[in-house]
Protein chains: 2
Amino acid sequence: MEPAIKYHLIKTEKHTGARLGEVITPHGTFQTPMFMPVGTQAAMKGAVSPEELAEMGSQVVLANTYHLWLQPGPDLVAEAGGLHQFMNWHKGILTDSGGFQVFSLAKHRKLTEEGVHFRNEINGDKLFLSPEKAINIQNKLGPDIMMSLDECPPFFESYDYVKHSVERTSRWAERGLKAHAHPDYQGLFGIVQGAGYEDLRRQSARDLVSLDFPGYSIGGLSVGESKPEMNRILELTTPLLPTNKPRYLMGVGTADSLIDGVIRGIDMFDCVLPTRIARKGTCMTSHGRLVVKNAAFAHDFRPIDPECDCYTCRHYTRAYLRHLFKADEDFGRRLTSYHNLYFLHHLMKRVRQAILDDHLLELREEVFEKYGYNAEHPKNF
Amino acid sequence: MEPAIKYHLIKTEKHTGARLGEVITPHGTFQTPMFMPVGTQAAMKGAVSPEELAEMGSQVVLANTYHLWLQPGPDLVAEAGGLHQFMNWHKGILTDSGGFQVFSLAKHRKLTEEGVHFRNEINGDKLFLSPEKAINIQNKLGPDIMMSLDECPPFFESYDYVKHSVERTSRWAERGLKAHAHPDYQGLFGIVQGAGYEDLRRQSARDLVSLDFPGYSIGGLSVGESKPEMNRILELTTPLLPTNKPRYLMGVGTADSLIDGVIRGIDMFDCVLPTRIARKGTCMTSHGRLVVKNAAFAHDFRPIDPECDCYTCRHYTRAYLRHLFKADEDFGRRLTSYHNLYFLHHLMKRVRQAILDDHLLELREEVFEKYGYNAEHPKNF
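Parameters at a glance
- Residues numbered from 1 in each chain as written.
- Chains lettered and ligands numbered in written order.
- Predicted model: local features only at pLDDT ≥ 70, side-chain atom pairs only at ≥ 80, totals over all residues.
- Heavy atoms only, no water.
- Contact = heavy atoms within 4.5 Å.
- Buried area = accessible area lost by both parts, 1.4 Å probe.
- Salt bridge = Lys/Arg side-chain N within 4 Å of Asp/Glu carboxyl O.
- Helix = DSSP H or I, 4+ residues; strand = E, 2+ residues; numbered from the N terminus.
- Nonpolar A, V, L, I, M, F, W, Y, C, P; charged D, E, K, R; others polar.
- UniProt positions renumbered as here; feature names shortened; annotations may be inferred.
- 1 Å grid on protein atoms, 1.4 Å probe; cavity = no way out; pocket = protein on both sides within 12 Å on 5 of 7 lines; lining within 4 Å.
- Buried < 20%, exposed > 50% of the residue type's maximum accessible area, 1.4 Å probe, protein only.
- Polar contact = N/O pair within 3.5 Å; in protein donor to acceptor, adjacent residues only side chain to side chain.
- Points joined across faces, edges and corners; volume = space filled by probe spheres on them.
- Pairing = 2+ DSSP bridges.
- Axes fitted to C-alpha atoms, helices over the stretch in contact; angles between N-to-C directions.

**Overview of the interface of chain A and chain B**
Argument step 1. Counting residues at the interface gives 38 residues for chain A and 38 residues for chain B.
Argument step 2. Both sides of the chain A and chain B interface together cover about 3200 Å² of buried area, and 53% of this is carbon and sulfur.
Argument step 3. A salt bridge links B:Arg334 to A:Glu52; the nearest nitrogen and oxygen atoms lie 2.9 Å apart.
Argument step 4. At the level of elements, helix H1 (50–56), helix H3 (74–79), helix H4 (83–87), helix H12 (311–315), helix H13 (318–326) and helix H14 (330–356) of chain A are the ones that each hand at least two residues to the side of chain A that touches chain B.
Argument step 5. Top element by residues in the side of chain A that touches chain B is H13(A). It accounts for 5 residues.
Argument step 6. Of the residues in the side of chain A that touches chain B, the class split is 21 nonpolar, 8 polar and 9 charged.

So this is what it looks like as structure tokens:
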């Protein structure tokens, strides 16, 4: 059987581990490295439409299994013809396993070898998420790419705890693989965990690679550790993953981390950050973040980022956006969400070109310098 | 001097008072009868963009003087190059006088011959709106069509009160006309008041017509009176207005009232209703209103209105929209707002065609019958 997800490596950059490639899915072939916007509840936050996502270059979007399980439920989505049909997005869709949300959001949680017991936050029902259940839900939702259930322990958790957790995550990955009903048209990724412990990251990668997933995620990063810590784990982990499979760094979406992840061989990224901060009026720009609702911009008739050519920047001023945020108008959130997503997609386009030209380190220097990045006091941007 | 706003009557329908015409403004020539969406704070509610408004056939949009006076303030809008530039809408803009909001929203209100004293609801400042001030603010905002300051007394207010009010509104209209700084590129409309009193409506119309405004509004309707009451006042008022000027019925936006207004010679309508109800999940359809978040639609995979060809109805199901409302996603409000505005624009397009074909009464019958309209128990739809 052909796997549902394939990866085609086009080239490796001359001076770094960066890879230019393609992820081939049942809903199209997509260029990597790529950033994937997050539509948690089968809709993009900030009211950005699927057509607008496509127009700005989105190729794969992410939806959350946990949220969709709770509402409207996987059976309803299946009845609608699957997530693509339900949400009117006909390119790639990736869902997570639901594990991260159960461990970070759910109340009355009890973790066993079998799975996790918890309470439905909406109606108080008792729920149980097992590796098989996570797969079963995702089989019904119908994304192109699914995730194995994993536990994501805190980065600074004890060695013993993380060792047990990593071993259980490997057993869960194997159980999930067996439960997967549609390997012919949905690709299941395993998730490498191990917090900051190098030997546990190695053990996790080895376990999962032996199970031969069509792709690998790296989890448990961007959870409070420093930038050098994250880079250290990436440098250690990506060489352990097969070169003919895509690599997905979960939950990372600042310009600096995208570039530094690509340099270390990452192909796919996702993050709620661009739309989450946009809804509060914070915009990503080539000179760093700009809080457009600040009084400083009341009479500023420049676009958010004069170097940006997105719809928002071509038509609206900081003064107008500040007014919309002060007036609590949905349209302001739509415009800043659009801009931030465009900003990251545009960056990834430049990153792909720089890999082709073997100029990725020059691009990194240019981007970091323009931002005024200080390596002594690193701050995500 | 050429007036800023002109009206060109194309034809009068054979069997009714309905007029097919054009309103000629500094930002284009627009077909009437028309419905004008309301972007209170210089942005359409429900995050609908200017491009989407144009695509669905919006020609003139309305913004509220009261809200824009309070924030961001007329000087800022003028500094931005006026409302068209500020909000990225390059067709027609109409502003109201601010009076309606002062009389319905503002606290600590005191009405004198000079004007109205009240408190700024945002910062508690004392404010004063006079006929001259209303014009001065609108001159700075820069819409194509402006309104005279009027008082809109309750429909069932006493005769004596309404008589005094109408007389003051006429004096205010005259003062506003004198204060108008840009009659060459902004057209000022007078507003006929008089509640339900026929002789006061006549007096108001006579006073305003003698002042020779480039257009006339009819105010004080759709404020709680019955449909026959509204129709009675319209039948009485429009024959008193010059045929070579546009007539604008303020605050009316249900399908039945639009058709019945057109039949009585109205050219322009505005209302917050379509977007206000859309944001709560209520959709206008050819078979009446549909509350899409109701449980009945959980598994309904039809569009909001199977007879509608708008973006929302072409791509999304009731089940998906219900999910978005349950999940409190901005995108749901955008989709229903788009649909309701499209619904009214599409209706007005059919109305214009029906006037051309002298079939307006047939169209009325068809629309009312499909809705299941009961003249014994009239209900707006």
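**A few points about the UniProt feature "active site" (unreviewed entry) in chain A**
Residue and element names in this part refer to chain A.
Argument step 1. According to UniProt, the feature "active site" (unreviewed entry) maps to Asp96 and Asp270 in the numbering used here. For the annotated residues, spread through 175 residues, the largest C-alpha to C-alpha distance comes to 10.5 Å, consistent with a single compact locus. Of the annotated positions named here, the largest pocket is lined by Asp96 and Asp270.
Argument step 2. Residue position: Asp96 is located in the loop between strand E6 (92–95) and helix H5 (99–104).
Argument step 3. Under the relative-accessibility criterion, Asp96 is labelled buried at 8%.
Argument step 4. At 2.5 Å, the side chain of Asp96 forms a polar contact with the side chain of Asn64.

**Focus on the layout of surface pockets**
Residues and elements named next belong to chain A.
Argument step 1. What the largest pocket holds in volume is close to 1000 Å³.
Argument step 2. Residue lining of the largest pocket: 45 residues in total, with Phe100, Gly251, Cys271, Val272 and Arg276 positioned closest to the centre.
Argument step 3. At the level of secondary structure, the elements contributing two or more residues to the lining of the largest pocket comprise H5, helix H9 (227–237), strand E14 (268–271) and helix H11 (273–278).
Argument step 4. The element best represented in the lining of the largest pocket is H5, accounting for 4 residues.
Argument step 5. In the lining of the largest pocket, the residues fall into 16 nonpolar, 20 polar and 9 charged.

**A few points about the sheet that holds strand E7 (residues 107–111) of chain A**
Strand pairing in a sheet relies on backbone hydrogen bonds. The paired strands run either parallel or antiparallel.
Residue and element names in this part refer to chain A.
Argument step 1. Strand order across the open sheet formed by 3 strands is E7-E8-E9, with antiparallel pairing between neighbours. Each edge of the sheet is formed by a strand with only one pairing partner; in this case those strands are E7 and strand E9 (126–129). On average, each strand axis in the sheet is tilted by 20° relative to the strand beside it, whichever way the strands run.
Argument step 2. Across 4 bridges, the pairing between strand E8 (residues 116–119) and E9 is antiparallel. Counterpart to Arg119 in the pairing with E9 is Lys126.

**Comments concerning unusual backbone geometry**
Argument step 1. For the peptide bond that leads from A:Gln71 to A:Pro72, omega is 5°, which places it in the cis range.
Argument step 2. Here A:Pro72 lies in the loop between helix H2 (65–70) and H3.
Argument step 3. Here the bond from B:Thr32 into B:Pro33 is cis, since omega is 5°, no more than 30 degrees from zero.
Argument step 4. Position of B:Pro33 among the secondary structure elements: in the loop between strand E3 (28–32) and strand E4 (34–37).
Argument step 5. Notably, B:Asn88 is not glycine yet its phi reads approximately 65°, a positive angle.
Argument step 6. With respect to the helices, strands and loops of the structure, B:Asn88 is situated in the loop between helix H4 (83–87) and strand E6 (92–95).
Argument step 7. On the accessibility criterion, B:Asn88 (7% relative accessible area) is buried.

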